Amino acid sequence: MGWIELLRFLAAVQAFLLALAAFALSDVEAAGFTILTVAVILLTYWRRGVAGTVALGLLFVDVTYWMAPGWISNLRHHERVAASVAPALLATVAVCGIATAGLRLILRPDRADRADARPAAVVVAVVLALAAAVTLVRSGSGQSDRARPGDVTLVMHGVKFAPSALRASSAVGVEVTNHDLFWHTFTVKGKGINVRVPVGGHRRTSLNGLAPGRYRFYCRIPGHESAGMKGTLVVTP
Ligand SMILES: [Cu+2]
């Protein structure tokens, strides 16, 4: 097995995991990333695969950027194991993919593809096992950020909040749950409320900094607000 085969294997695993997430969560963005990953794998068969290697490297960087912080955040909040499995696997495979793409270019593609990448595959397996162990040990019951009595609950799915109209007293809080693979935020501009919620995560925020009145909340991820990820919050006295 040369470096290009290892690279394609990691990309195929990523495409498979993204497809699973797209299916399990009915997540359109995950489906888009699946198709993109498959297209870039095909690109590695063109010429010596340099463009494909660079493109896969960038795709792995993008997946790491979205998944690694989500994984760490869920572990820090002691979410259940199920909430961290997808970001843990995707982040680990993507980090290994970045290293593999980088090494194939540094070693020069012709030589790298004739070289034996099996020791690197063993390193990948060890890194995956470590990531799984950390996830199992650091996960918890998922209770610390759950709704308290009287709280209102809000769900993020697709580029929508449900419900999009909230009514609550400033004495309670909002529990926000993300059902998508990628991050969303619950943000009230200028009011110090900006809760980032990763895949499978629950986060609670108190409303006690808000005076009674009508507020607009939205998701800060670029493009989400204009796609409809917004709503109104009425804070009652
Ligand atoms: Cu969003």
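Residues numbered from 1 in each chain as written. Predicted model: local features only at pLDDT ≥ 70, side-chain atom pairs only at ≥ 80, totals over all residues.

Trainee: Describe in detail the environment of H184, supporting the description with residues and values.
Mentor: Looking at the element boundaries, H184 is found in strand β5 (residues 184–188). Through-space distance from the C-alpha of H184 to that of A115 is 42 Å; in sequence the pair is 69 residues apart. (Helix = DSSP H or I, 4+ residues; strand = E, 2+ residues; numbered from the N terminus.)

Trainee: Which residues make up the environment of Y218, and what values go with them?
Mentor: Counting through the fold element by element, Y218 comes out in strand β8 (residues 213–218). Residue classification places Y218 among the partly exposed positions, given that 19 C-beta atoms sit within 10 Å. Put simply, Y218 and T92 are 126 residues apart on the chain and 30 Å apart in space, counted from C-alpha to C-alpha. Look past the residues within four positions of Y218 in its chain and what remains in contact with it is T187, E225, M229 and K230. (Buried ≥ 20, exposed ≤ 12 C-beta atoms within 10 Å, placed from the backbone. Contact = placed C-beta atoms within 7 Å.)

Trainee: Go over helix α3 (residues 50–76), please, and point to the residues and values.
Mentor: Look at α3: 38 Å from first C-alpha to last across 27 residues, which is about the 39 Å you get at 1.5 Å a residue. Immediately beyond the C-terminal end of α3, within one or two residues, lies H78, with a positive phi of roughly 55°. (Expected span 1.5 Å × (residues − 1).)

Trainee: Could you give an account of the packing of α3 against helix α4 (residues 81–106), naming the residues involved and the relevant values?
Mentor: In the contact formed by α3 and α4, the axes pass within 7 Å of each other and the chain directions differ by 145°. In the packing of α3 onto α4, the handedness of the crossing is left-handed. For the contact of α3 with α4, the per-class residue count stands at 18 nonpolar, eight polar and one charged. (Axes fitted to C-alpha atoms, helices over the stretch in contact; angles between N-to-C directions. Left-handed = near helix turned anticlockwise from the far one by under 90°. Nonpolar A, V, L, I, M, F, W, Y, C, P; charged D, E, K, R; others polar.)

Trainee: So what's going on with the domain arrangement of the protein? Which residues, and what values?
Mentor: Segmenting the protein into domains produces domain 1 (3–138) and domain 2 (152–236). At the junction of the two partners, domain 1 supplies 17 residues and domain 2 supplies 10 residues. Broken down by secondary-structure element, the contributors of at least two residues to the side of domain 1 that touches domain 2 are α1 (3–25), α2 (28–43), α3 and α4. A total of five residues in the side of domain 1 that touches domain 2 trace back to one element, the largest contributor, which is α3. (Domains from an automatic or database assignment.)

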